[in-house]
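# Secondary and tertiary structure notes
Here is how the chains run, residue by residue.
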Amino acid sequence: MKLRDVVVVDGVRTAFGRAGEKGFFWLTRADDMVVKVIRELLRRNPQVTPAMVEENAWGATSQEGDQGMTLGRTSALLAGLPPSCPGFSVDRMCAGGLTAITCAASEIALGVCDVAIAGGVEHMGHHPIGAAADPNPRFLAEKLVSGDALVMGKTAENLHDMFPEITREMADAYACHSQKKTAHAIQEGKIRKMIAPMTVYTREGWTVADRDQQPRPETTLETLKDLKTPFRVQGRVTAGNASGLNDGACGVLLMSADKARELGVKARMRLVGYAYAGVPPEIMGYGPIPATHKVFAQTGLSMEDMSFIELNEAFAVQCLVFMKEFGLEIPHDPRLNPLGGAIAFGHPLAASGPRLVTHLLHHFADSPQARYGLTTLCVGVGQGASAIWENLYAHGNPSRNDQ
Amino acid sequence: MAEPITRFYPRFYDSPQGKIALVTMDNGHDYRKPNTFSEAALMSLNEALDRILAEGDVKGMLLTGKPYSFAAGADISQFPSITTFEEGYRSAKFGHTVMQRIRDLPFPTLAAVNGVALGGGLEIALYCRYRTVAPTVAAIGFPECFLGMVPAWGGCTLGTKLLGPEKAVELIIVNALSQNRLLDGMKAFEAGLADRLFPAVEFLDESLQFLLDILAGRTTVERPALDTGRLGEVVAGARAFVDSRVHGAAPAPYRALELIEGACNWDVERGFEEENKAAADLILTRQCKASLYSFDLVNRYAKRPRGVPDAPPRPIRKVGIIGAGLMASQLAHLFIHRMGVPVVMKDVKQELLDKGCAYVAGEFRKMVERGRMSEGKARHSVSLLHGTLDARDFADCDFVLEAVFEQMEVKKQVFADAERVLRPDAILASNTSALSLTEMAADLEHPERVVGFHFFNPVAVLPLVEIVQAGKTDASSLATAFDVAGKLKKTAVLVKDSPAFLVNRLLSRMLAECLSIVDEGGEFQQVDEALLALGLPMAPFELLPLVGLPVALHVLETLNLAFGSERFPVSPNFKKLVEARKAGIYLREGGSRRVDPEVERLWVRTGNKAFHAEEIRDRVLYSLARETDLILTEKVVSSPREVDLAMILGAGWPFFMGGLTVYLDLEGIASKVLGKVFSST
């Protein structure tokens, strides 16, 4: 079977809120956030009618409560897509949203459908990580994993142990830089374009969630250096050099390149390849490295070919390990996370992958000279996820679509 | 229980068009307890407006409610504390004064009607410059006239100026007097109450965007100019409508009409002033007090029927109906529709059975035609009905209800036939309107399973069921009867097994009195008009053909037998009409009616006394007062509230009479005739 080209037409997200009662989404349902994203994607792309959407795939780590009952199907109905539109939900924790995207893209590539919406959501206020999970006792009894494996902060400390040259100071410097890049991007109005403002109900009345709650532009090395290391005595991982606990949803509009041409919508980037890989759960942050090697091997591309790398910043240490592996400039490489990352924006697990994809869309639009970009995430319980995308704005690109 | 205070929460949103005040009305409870406006709520609005003005740079305001709920209007629990004209006037004026501040804001204001908006809750939206509504909002309207009040926080004035007199009459008067009909969001938009209709899914987001678009000059709102060209015609038509509904017996709709008419010519200030006076006048009226009592009775009190035994109800999986006449067929339809259980309907003649089954099928077809049921569901529903001539088909029924001819021997026979095949714990219920259940059960092997289950005609319209406890009815059967009534969405009132129970006893006493008046020399029309002026939904002699003269006579005779001729005389003239098979008193010709000359010929008056309307009313009301007192003394029902509830739901008596006892109390009839009051309020 001949595979078809799959393109991303658009990506949009809700603001990312802080998880918990102080977050602006505390009284807002996760499925309503998904509905907001679906409708905003269609509003921004009026050539695509609701009836054209043939798949609605959503990643969510917790698949119960307001993220339950096959979110991809329920959110399609709630968003006003016709009942004929199927949908499903998937879970690959932090890469759940990226998995939804690659699943839907694979359907399109195979000719199963022409147009799909895919994304990820996580309301970590409503669904604290692992809250409803019941890990098999064999994991510990048979020492399949160490007790650290299920506490993400501890896996980050393990990475520091594994790479002693990566110090807390380096992690803090990385984090500080991420905050600065994000603050700058916000100020330049680059982030607002990706966010669909949403009215949210609070005990003090309705308000509008139109900007992220997590970024701390005032961050300095000074403020970071005295933060506690909650996961270990004399540890290195702090709230400052890790991502936060957040609520948010992000989704993208995918279609076959042919369909984009037919509808006259701008195909902005093409999926080149993707890979998932497993690593020991105790060092889950290592995951992007084998996943990225794998996708390079599959596509014949290398880090040199990548104009942009959108790396999810679950923990600063995990980013630094990745940068070291692929020879990126430390503490900051201009190709890596130009608008900052999850340390500043927050990390509503499954929503992060689609956010990386959306960031890449914007980098490509601003940089016609760029050809390829990488999106990659580490995944709890030891996985990595990587996808490579091609810029269809790029000059001299044979796949370029000049609609 | 005091209503929770609704507060107005202002929050400020830094939008691309500048600072927007988002004001949320919220009483801290979910949508099941809607926002209401007490004095404290209005104070909160006042404070919110102070804060908004203090900001100094606000560019627009959006007013909305907590999720799924806008506001349900004035906190009516505060009404009884208002006892003077001055207090009423002050309360109305305070609402006007605070809400007027919204109109005076120096920037665009938008009411985003996201849920129920009733009375004052709709009025506050009218003070905003723009309104949006979601099509899914279930209830929008002005129920004031239904409750003896007028929309007096600007509803009559601003509503008329927005919609024009014709639509204002429809909204404020016609709907309120048509069983308090309310609009959904779609209809409210079509009526012109809102400038934009946005789907519920992103209603608030789109409403906010609409306000921003207005501020940015990206959109404008066009409304038709106020058209008062047909004012005289509209007012005359409205007055005729109100007359036909309340016959002058309730002041509120007439007052509302004056305010609507006035609003076409007055400025807003004058309109508000007239509303203040109207509110102050009306809040002290008997009709307003009685309406609030009735509202509470029907909406709260009735939800927990008195006298339900503390026993688990038995499951009902299959129902039998004995008889296939009109009443039986209506019951078969009701059980299938509401309970979704198979129904076996039995009669003695195939043609009667066929007719009954065809009726049920026809009712389901009508529901499909009106879009109230899907074709497939209707087909399934009809398939649940099984017509039979054989009582053995009742064998596996859990609840068998008889609706056969009103004769004790016939009823006993059909019960005996059914009992032979039924399980010993299956319920035998009777829809009898007058006969003794105890006697009906006397010869059965299991009399403890017999209950009275008395519906009112038309079954689909009147929501009352009198549940009769016979001499040996056990707790489980009685509990099951209440459970079934609830599942049928009927309101149950427990009555003692006594002749004609409650509603029919009172209506028969009234009929007997009316017949006596005519016997003594009164005119049919005169009697009817005198009683219509009380505000009854139908005059007694108009009602007769609907009840059926033979049925009315039968009930009257039963009561006569039980209580004697002093209270329940059986007019020989009336008997003659039944023997002559007259269907009614009047002949209809076009829109008018006249007494059937044959009725006049058959009717031999024993006197030639002339009656004043007042005298007719007094006689009827005095008898009703005495009969009600006897009913309560005999403990036919547990309290005067049950009497009122039953008269409202079973006889359609108006809210503004408070059923019956409240009227008798407030008009001084009870104290005059009985030397005491029923005192339900």
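Residues numbered from 1 in each chain as written. Chains lettered and ligands numbered in written order. Predicted model: local features only at pLDDT ≥ 70, side-chain atom pairs only at ≥ 80, totals over all residues.

Time to look at the overall build of chain A. In terms of helices and strands, chain A carries 12 helices and 12 strands. Relative to the 2.2 N^0.38 estimate, which gives 22 Å for 403 residues, the radius of gyration of chain A is 20 Å and therefore close to what a compact globule would have. In terms of principal-axis extent, the alpha carbons of chain A reach across some 60 × 50 × 50 Å. Residues counted as buried form 60% of the 403 residues belonging to chain A. Considering only contacts within chain A whose residues lie at least 6 apart along the sequence, 81% involve residues at least 24 apart. (Helix = DSSP H or I, 4+ residues; strand = E, 2+ residues; numbered from the N terminus. Rg over C-alpha atoms; globule rule 2.2 N^0.38 Å. Buried ≥ 20, exposed ≤ 12 C-beta atoms within 10 Å, placed from the backbone. Contact = placed C-beta atoms within 7 Å.)

What follows is about the packing of helix H5 (residues 165-174) of chain B against helix H8 (residues 231-246) of chain B. Residues and elements named next belong to chain B. At a minimum axis separation of 10 Å, H5 and H8 run at an interaxial angle of 15°. The orientation of H5 with respect to H8, classified from their angle, is roughly parallel. Of the two possible hands of crossing, H5 and H8 adopt the one that is right-handed. Between H5 and H8, the residues in contact are Pro165, Glu166, Val169, Ile173 and Val174 and Leu231, Val234, Ala238, Phe241 and Val242, respectively. Counted by class, the contact of H5 with H8 contains nine nonpolar, no polar and one charged residues. (Axes fitted to C-alpha atoms, helices over the stretch in contact; angles between N-to-C directions. Parallel < 35°, antiparallel > 145°, perpendicular 65-115°, else oblique. Left-handed = near helix turned anticlockwise from the far one by under 90°. Nonpolar A, V, L, I, M, F, W, Y, C, P; charged D, E, K, R; others polar.)

On to the sheet that holds strand S3 (residues 58-65) of chain B, then. Residue and element names in this part refer to chain B. An order of S1-S2-S3-S5-S7-S9 is seen for the six strands of this open sheet, with the pairing classed as mixed. Of all the strands in the sheet, the pair left with one neighbour each is strand S1 (7-15) and strand S9 (196-197). Inspection of the sheet shows strand S7 (residues 130-133) paired to S9 by two bridges, in the parallel sense. Bridge pairing in S9 places threonine 132 opposite arginine 196. In the packing of helix H7 (residues 203-215) onto the sheet, the strands contacted are S1, strand S2 (18-26), S3, strand S5 (109-113), S7 and S9, and the crossing angle to S3 comes to about 155°. (Pairing = 2+ DSSP bridges.)

Moving on, we come to the interface of chain B and chain A. On the side of chain A, 13 residues touch chain B, which itself brings 16 residues to the contact. Listing elements by their share of the side of chain B that touches chain A, those giving two or more residues are S1, S2 and H7 of chain B. Counted by class, the side of chain B that touches chain A contains 10 nonpolar, two polar and four charged residues.

Okay, the domain arrangement of chain B next. Residues and elements named next belong to chain B. By the assigned domains, chain B splits into domain 1 (7-284), domain 2 (319-496) and domain 3 (503-635). Here the C-alpha centroids of domain 2 and domain 3 sit 30 Å apart. The interface of domain 2 with domain 3 comprises seven residues on the first partner and seven residues on the second. In the side of domain 2 that touches domain 3, the residues fall into three nonpolar, one polar and three charged. (Domains from an automatic or database assignment.)

Glancing now at the nonpolar core. Nonpolar side chains in soluble globular proteins generally cluster together in the buried interior. Ranked by size, the top nonpolar core spans 352 residues in total, and within it A:Leu254, B:Val150, B:Ile172, B:Val400 and B:Leu502 carry the most contacts. For this core, the leading source of residues is helix H18 (residues 503-519) of chain B, giving 10 residues. With residues up to four places along the chain from it excluded, the contact list for A:Leu254 reads A:Val6, A:Val8, A:Ile101, A:Ala104, A:Ala105, A:Ile108, A:Ala116 and A:Ala118. (Core = buried A, V, L, I, M, F, W, Y, C linked by C-beta atoms within 7 Å.)

In this section: the sheet that holds strand S8 (residues 140-141) of chain B. Pairing within the open sheet is parallel, and its three strands lie in the order S4-S6-S8 (chain B). The open sheet has two edge strands with one neighbour each: strand S4 (69-71) and S8 of chain B.

All names here are of chain B. With 14 residues, helix H15 (residues 408-421) extends 21 Å between its outermost C-alpha atoms, agreeing within 8% with the 20 Å of an ideal straight helix rising 1.5 Å per residue. Buried within H15 we find Lys411, Val414, Phe415, Ala418 and Glu419. Buried residues of H15, seen end-on, are gathered within an arc of 140° and therefore sit on one face of the element. Opposite the buried face of H15, at more than 90 degrees from it, the exposed residues are Glu409 and Arg420. Buried residues along H15 sit against strand S10 (319-322), strand S13 (399-402), strand S14 (427-430) and helix H16 (437-441). (Expected span 1.5 Å × (residues − 1). Arc of directions from axis to C-beta.)

This next bit is on unusual backbone geometry. Residues A:Ile330 and A:Pro331 are joined by a peptide bond in cis, for which omega reads 10°. Along the chain, the position of A:Pro331 falls in the loop between helix H10 (316-325) and helix H11 (342-345). Cis geometry marks the peptide bond from B:Asn457 to B:Pro458, where omega comes out at -5°. Within the chain, A:Met69 stands out as a residue other than glycine whose phi angle is a positive 55°. As for its position among the elements, A:Met69 is in the loop between strand S3 (55-59) and helix H2 (71-78). For B:Phe501, which is not a glycine, the phi torsion comes out positive at approximately 55°. The residue B:Phe501 is located in the loop between strand S17 (491-496) and H18 in this model. Judged by the 28 C-beta atoms lying within 10 Å of it, B:Phe501 falls in the buried class.

Remark: a regular strand shows side chains that alternate across the two faces of the sheet. Residue and element names in this part refer to chain A. Of all eight residues that make up strand S11 (residues 372-379), eight are buried, and the element is covered over most of its length. Of the two faces of S11, the one holding Tyr372, Leu374, Thr376 and Cys378 and the one holding Gly373, Thr375, Leu377 and Val379 are both buried throughout. Inspection of the sheet shows strand S10 (residues 306-311) paired to S11 by five bridges, in the parallel sense. From the neighbouring strand, glutamate 310 faces S11, where its bridge partner is threonine 375. Here eight bridges tie S11 to strand S12 (residues 383-391), and the two strands are oriented antiparallel to one another. In the sheet register, leucine 377 faces S12, and the bridge partner there is alanine 385. Once S11 ends, the chain turns through three residues before running back antiparallel as S12, passing valine 381 with a positive phi of about 70°.

Let us now look at the pairing of strand S4 (residues 87-90) of chain A. Residue and element names in this part refer to chain A. Where S3 lies against S4, four bridges are found, and the strand directions are parallel. Looking at the pairing, asparagine 56 lines up with glycine 87 of S4. Note on the crossover from S3 through H2 to S4: the handedness is right-handed. (Right-handed = clockwise from strand over helix to strand, strands pointing away.)

Right, let's get into the packing of helix H13 (residues 350-369) of chain B against helix H14 (residues 375-383) of chain B. All names here are of chain B. Direction vectors running N to C along H13 and H14 enclose 170°, while the axes themselves pass 9 Å from each other. Here H14 runs roughly antiparallel to H13, going by the angle between their axes. When the axes of H13 and H14 are compared, the crossing they make is right-handed. Between H13, through Val360, Ala361, Phe364, Arg365, Met367 and Val368, and H14, the contact on the second element is made entirely by Glu375, Ala378, Ser381 and Val382. In the contact of H13 with H14, the residues fall into seven nonpolar, one polar and two charged.

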